[in-house]
Every structure is written in C-alpha cells, then in structure tokens.
Amino acid sequence: MKKLTMSVLLVSMLAACASDKPAEVAEAPVAPVEAPVAAPVAEAPKEVAPVAVDALDDVNSILAKRSAFFDFDKSVVKPADKPMVQAHGQYLATNPARKVVVEGNADERGSSEYNLALGNRRADSVKKMLIVSGAKAGQISTVSYGEEKPRAAGHNEAAWSQNRRADIAYNK
Amino acid sequence: MAVRFLFYVLLMGVTLPARAALDIEITGAGEHQIPISIVAFAGEEALSQKISSVIANDLKRSGLFRLVDPATKAPHEMRDVVYGDWAEVDALTIGSATALPDGRVEVKFRLLDTHKQSQLLGQSVVSKGDQVRAIAHRIADMIYEKFTGDAGVFSTRISYINREGKVNRLVVADSDGYGEQSVLTLKEPIMSPAWSPDGSHLAYVTFEQGRAVTYVQSLFTRQRFVLAAFPGSNSSPAWAPDGKQLAIVLTRDGTSSIYLVRPDGSGLRRITFSDAIDTEPSFSPDGRFLLFSSDRGGSVQIYRMPADGGFAERMTFEGNNNFSARYSPDGNGFVFMHSTDGQFYIATQDFQTKQMQVLTDVGWEKKPSFAPNGKLVLFATESLGRGILATVSSDGRVKQKMTPQQGDIREPMWGPFLKQ
C-alpha cells in the first residue's frame with residue numbers, strides 16, 4: 001500500500017514535469033483505496049514516458065508557434081522567427097507523411113492586389129526556409145489571403161503588425 | 001439615345017430591388033459654375049423618387065452647376081414661365097410626371113435658356129414606374145451634355161464590394177451610390193471587380209475555392225464561370241477595350257506576373273517575366289499599352305509596356321510607392337494611388353508633362369477609377385472606421401463622400417458608358 005502511494009505520487013510528479021503545472025498531489029490518497037496488486041502500477045512510469053506522442057501537440061514545443069511576422073512591405077523571415085520555421089522544417093523532414101499549407105497575409109496598407117502578391121511572397125519565403133531545413137517541396141503548399149483576412153482589426157501599427165504574417169497550418 | 005436607354009432599362013430589369021439610401025456630402029465648387037434652377041416636376045410627389053431632386057443632386061455633384069432654389073415659383077409648362085422671374089439663372093428645367101393607367105410613368109421635361117428665352121431641350125419618356133430614378137439620371141445627363149459638351153455619366157453604374165461582418169456582397173449601383181443591387185453574396189472575400197467594355201459582364205476575384213480565383217459573370221443572365229483557377233493566386237482582371245481578352249495576374253509560375261487570356265479562359269500567355277511583383281494591369285483606351293504596378297526597382301511604382309509584352313518604362317518617381325494605375329478615358333494620363341509617409345492619396349499624372357497632381361488630402365484613399373467621361377474619379381476611403389465611396393473632380397476642386405447606411409465599402413470601379 002505504501003509502495004502504491006509512492007508510485008501514484010511518482011506518476012503525478014512525472015505528469016507535473018510534462019505539463020509544467022502544479023502537481024495535483026491532493027488527489028493521490030483517494031485513488032489507491034481498492035487498488036489491486038501493486039505490480040502493474042509499478043510499471044506506470046515506463047508507460048507515462050511515451051506521452052510525448054507528437055511534438056506538434058506539445059504546447060511547450062517551439063512547434064506550437066506557427067506564425068512568422070514580417071516588417072512592413074518585407075517578406076524576409078525575421079531572425080526571431082527563424083528557429084520556429086526551421087523546427088517545422090525539421091519536423092516535416094522526420095514526418096514525411098505530414099503536409100502543411102503556408103498562408104501569407106498582409107496589412108491593409110498599399111493596394112489589395114499588391115498585398116495579395118506580397119502575401120504570396122511571404123508564404124514562399126517561409127516555404128523556402130522549410131525546404132532548406134529539410135522539408136520536401138511536396139509537403140508544402142502556399143496560399144495568399146492578402147489583406148482580406150486580417151487577424152486584428154484596427155487601423156494602427158498594433159493591428160498591422162499582427163496582420164503582416166505567414167501561418168504554417170498542418171493538414172489533418 | 002433610345003437604344004442606349006433601352007439597354008439601361010434592361011440592365012435594371014434583371015437586378016434586385018434597390019436598397020437603403022446614402023448620406024451624400026459635397027464640398028468645393030468648380031471654377032465657372034452655371035447657375036440653374038430645377039423646378040419640382042408636376043405630379044412627382046406621387047412617385048417613389050422626386051425627379052427634380054435627383055436631377056439637382058446629379059448636377060450639383062459634378063461641381064459645374066450652381067443650383068438656385070426656385071422658391072415658390074413653380075411653372076410646369078412653357079406658358080407658365082415668366083422669364084423675368086429667372087434673371088439670376090442661366091437655365092431652368094420644368095416638367096411633369098404622369099402615372100399611366102398601365103402602371104407606367106410618362107415624364108416630360110424642358111430645358112430653357114432664360115436669357116435667350118428659348119427651349120434648349122424638350123423630351124418625353126415613358127418607362128416602368130420603378131425606373132423613375134433612371135429617367136432622372138438621363139435628364140441630368142442631357143442637361144450636362146448641353147452645357148459642357150461632354151457626355152454625362154449620371155446614368156452609368158459603378159461596382160464595389162460591400163462587406164458586413166463575414167458577408168461580402170459584390171454590388172452594382174447607380175453612379176451616385178443609390179440603387180445598390182447584389183450580383184454575388186459570399187462568406188469569403190471578393191476583390192477587384194472589373195467591367196467589360198460594354199458593361200454586360202464583371203470579372204472579379206473570390207476566395208470561395210480557398211485561394212484567389214478569377215470569375216466572369218454576366219449581369220443579364222447572372223451566369224458565371226471560372227476565368228482562371230491555376231495553382232496559386234489568380235487575380236487583378238482587366239479587360240482590353242475591344243473585350244476580346246483580359247490581362248490577369250497569376251502566381252502559377254512563381255512571383256505575381258501578368259498574363260493575357262481570352263474571356264472564355266483560353267489562349268493564356270505570359271507577358272511579364274521579372275522576378276519582382278507585377279500586378280494591377282490597366283489597358284490604354286486604344287488597347288496598345290498596359291500600365292501596371294511593380295516593385296522591380298525596389299519600391300512599388302507604375303510602369304508602362306506594350307500590351308503584348310516588351311520593354312517596361314517606369315512612369316512614377318515621387319513619394320515612397322505608387323499603386324493601382326488606371327488610364328484616363330482620353331489616354332493622355334492616368335490616375336493612381338500615391339503613397340508618401342505612410343499615407344495614401346489619389347493622384348493623376350499626364351504622360352506629356354509627367355506632372356503629378358494630388359487630388360485628395362485625407363491620407364486614406366484607395367482604388368481610384370475614372371468616370372467614363374474622365375471628369376470625375378471614384379475611390380474608396382474611410383469615415384468613422386467604415387469604408388465609404390467618394391469622388392473627386394479630375395481638377396481636384398469638387399469632392400463628394402457617399403456613406404451607405406450599412407457595410408464596409410471596398411474596391412469600387414466605375415463602369416463604362418453603355419453601348420449605343
């Protein structure tokens with residue numbers, strides 16, 4: 001019984017490590033009341049470890065970030081966003097079945113048609129970096145929404161900076 | 001004249017009922033205004049629209065007429081006119097509207113020269129009762145033409161996108177923004193409406209297939225078909241003046257480049273080959289040249305090249321960037337969006353003098369297009385955070401803002417004269 005409690009605590013702590021949330025120790029004493037043999041539970045840590053199923057689902061992974069932001073009228077991926085784009089390129093390289101759509105966007109300044117072209121160029125810029133990082137061209141398609149689908153409303157730099165963006169969207 | 005009018009009525013006939021009214025604000029005045037009085041037409045109170053006020057508003061917003069209130073004077077027939085009463089105006093319009101037993105309306109009008117004490121125009125038109133506004137616009141066109149020698153554009157139509165939340169409507173309206181009628185309603189963005197030279201079709205871009213695809217739609221039958229749906233973006237359609245081909249912008253071979261295609265989607269041919277963005281083509285009225293926007297020189301500027309491709313000459317040099325060029329109807333210059341210090345203005349430039357003239361002063365003016373007589377420019381601007389329509393006379397003197405009751409207006413484009 002004592003051993004069982006220990007195991008449950010261990011599981012809780014591991015879970016805590018994985019999720020980075022405060023450990024929910026309080027629940028531990030309730031669970032083991034009618035617990036059967038200890039043996040299977042002792043193996044629990046080994047079963048918990050593979051919880052790192054897909055790095056894409058890990059909110060703490062760099063892969064959880066999927067938007068690259070751009071300077072006005074520019075389509076060069078900024079240094080701050082490079083590690084994120086490169087990580088997606090590496091992920092695509094190790095998961096050749098996965099595919100993405102890179103969606104380019106622009107702020108509302110300039111003409112709508114020029115912004116459509118600029119969104120394409122931003123999406124292409126991210127696509128190139130994904131390929132350089134190991135992804136295959138066939139895993140990546142691109143689309144531009146120009147200024148037509150702004151994430152942030154408002155006619156100010158705060159909104160515009162959010163809308164000068166390329167999103168990496170994984171196909172289901 | 002009669003055929004042109006009939007064509008217009010046909011066009012009206014297939015469209016949906018008119019929507020809510022607008023708020024119209026006019027500022028400025030032309031240099032030499034013609035003083036004129038438009039007397040209320042006999043019987044017009046019984047109609048859905050007051051003919052005299054539609055005529056008066058049309059003439060007023062041209063900036064070329066000064067409307068003088070007829071006060072209590074209300075002649076409807078020649079015999080009622082006492083010329084001595086009208087010394088302060090050069091011209092006077094009188095008329096009457098009579099509902100016919102079959103539901104149609106007969107409108108009679110006369111334009112009188114008050115100094116020569118003679119009739120300049122006199123006409124009678126019979127139409128359906130719901131087309132009174134169209135008749136009033138035709139009368140305003142006739143008055144405008146009589147005094148200026150230029151064709152009036154009050155009967156022409158405009159197209160634009162009205163966005164309300166996620167709902168986008170491609171609409172066609174009278175040139176004064178009234179009578180908005182939906183051509184297409186989508187929950188995806190619509191862009192870049194372009195009129196065919198005969199006014200019978202619109203080409204435009206939508207995202208209903210998940211990316212920018214160009215369509216052509218008949219305004220008569222409402223039938224539409226895909227003009228271009230290649231991989232990537234398919235956008236920025238512009239009709240050649242003979243209607244036999246369009247210029248469009250595709251990314252199927254890389255960065256946005258300009259292509260020519262027939263209206264049925266056949267005969268695709270690439271005509272720009274730079275690595276830069278080439279977009280927003282506009283045909284010259286004679287069909288020999290294209291203006292377009294490109295950032296091949298670093299900043300976005302207007303270039304001109306032969307319509308079947310070839311050497312592109314840079315046209316604009318002022319400000320930070322210049323976009324959205326459209327030829328003037330006489331082919332002598334162009335209107336465009338001029339960007340400087342993060343602001344966007346409407347400007348014109350003459351090919352001979354190379355002089356740029358900035359026509360607006362607010363700093364958020366986009367997507368200009370000339371009225372088919374070249375005397376006014378239509379564009380999109382903002383008021384209280386909402387997109388609205390506006391016009392400016394091509395000399396920059398008279399400005400008009402047209403605020404619809406609802407929606408965010410984008411991408412206006414002035415339609416052509418309807419074929420005689």
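These numbers were taken from a predicted model, which means no experiment stands behind them.

Visitor: Just to check I follow, could you spell out the packing of helix H2 (residues 51–62) of chain B against helix H3 (residues 132–148) of chain B for this structure?
Guide: A packed helix pair is summarised by two numbers, namely the angle formed by the two axes and the spacing between the axes. Residue and element names in this part refer to chain B. Interhelical geometry of H2 versus H3 gives an angle of 45° and a closest axis separation of 8 Å. One way to sum up the angle between H2 and H3 is to call them oblique. For the pair H2 and H3, the crossing hand works out as right-handed. For the pair formed by H2 and H3, the contact residues are Ile 51, Val 54, Ile 55, Asp 58, Leu 59 and Ser 62 on the first element and Val 132, Arg 133, Ile 135, Ala 136, His 137, Ile 139, Ala 140, Ile 143 and Tyr 144 on the second.

Visitor: Explain the domain arrangement of chain B to me, please; I cannot follow it from the model alone.
Guide: The accessible area lost on association of the parts is a frequent measure of interface size. All names here are of chain B. Along its sequence, chain B is organised into domain 1 (16–148) and domain 2 (157–414). Computed from C-alpha coordinates alone, the two centres of domain 1 and domain 2 are separated by 33 Å. Listing elements by their share of the side of domain 1 that touches domain 2, those giving two or more residues are strand S1 (22–27), H2 and H3. Here the element with the most residues in the side of domain 1 that touches domain 2 is S1; it accounts for six residues.

Visitor: Would you take a moment to explain unusual backbone geometry for this structure?
Guide: Most peptide bonds take the trans configuration, and most residues that are not glycine carry a negative phi. Residues and elements named next belong to chain B. A positive phi angle, near 55°, is found at Ala 71, a position not held by glycine. With respect to the element layout, Ala 71 can be found in the loop between strand S3 (65–67) and strand S4 (91–99). According to the C-beta neighbour criterion, Ala 71 is exposed, with 8 such atoms within 10 Å. Positive phi is not limited to glycine here, since Ser 236 has a value of about 55°. In this fold, Ser 236 is placed in strand S14 (residues 234–239).

Visitor: Just checking my understanding: could you explain the sheet that holds strand S5 (residues 104–113) of chain B for this structure?
Guide: Whether parallel or antiparallel, the strands of a sheet pair through hydrogen bonds between backbone atoms. Residue and element names in this part refer to chain B. As summarised here, the arrangement of the five strands in space is S3-S2-S4-S5-S6, forming an open sheet in which the pairing is mixed. A single partner strand is all that each edge strand has here, and the edge strands are S3 and strand S6 (118–128). Taking each pair of neighbouring strands and ignoring which way they run, the sheet shows an average axis angle of 25°.

Visitor: In this structure, what is going on with the interface of chain A and chain B? I would like to understand it.
Guide: If you look at the interface, chain A gives 14 residues, while chain B gives 27 residues. Secondary-structure elements contributing two or more residues to the side of chain A that touches chain B are helix H5 (112–132) and strand S3 (140–146) of chain A. If you tally residues by element for the side of chain A that touches chain B, the top one is H5(A), at seven residues.

Thresholds applied
- Note that residues are indexed from 1 along each chain, following the sequence as it is written.
- Just so you know, chain letters begin at A and ligand numbers begin at 1, following the order they were written in.
- Whole-chain, interface and lining totals are the exception, using all residues; otherwise, since this is a predicted model, local features are given only for residues with pLDDT of at least 70 and side-chain atom pairs are given and counted only at 80 or more.
- With axes taken as lines fitted to C-alpha atoms, and helix axes fitted only over the stretch in contact, angles between N-to-C directions fall between 0 and 180 degrees.
- Here a strand is any run of E in DSSP of at least two residues, a helix any run of H or I of at least four, and the numbering for each starts at the N terminus.
- In what follows, roughly perpendicular refers to angles from 65 to 115 degrees, roughly parallel to angles under 35, roughly antiparallel to angles over 145, and oblique to any angle outside these ranges.
- By convention the crossing between two helices is left-handed if the near helix lies anticlockwise of the far one by an angle smaller than a right angle, and right-handed if it lies clockwise.
- Residues are defined as contacting one another if the C-beta atoms placed from their backbone atoms lie within 7 Å.
- Where each domain begins and ends follows an automated or database-derived domain assignment.
- Note on burial: count the other C-beta atoms lying within 10 Å of the residue's C-beta; 20 or more is buried, 12 or fewer is exposed, in between is partly exposed, and C-beta positions come from the backbone.
- Here a strand pair is declared whenever DSSP counts at least two bridges between the two strands.

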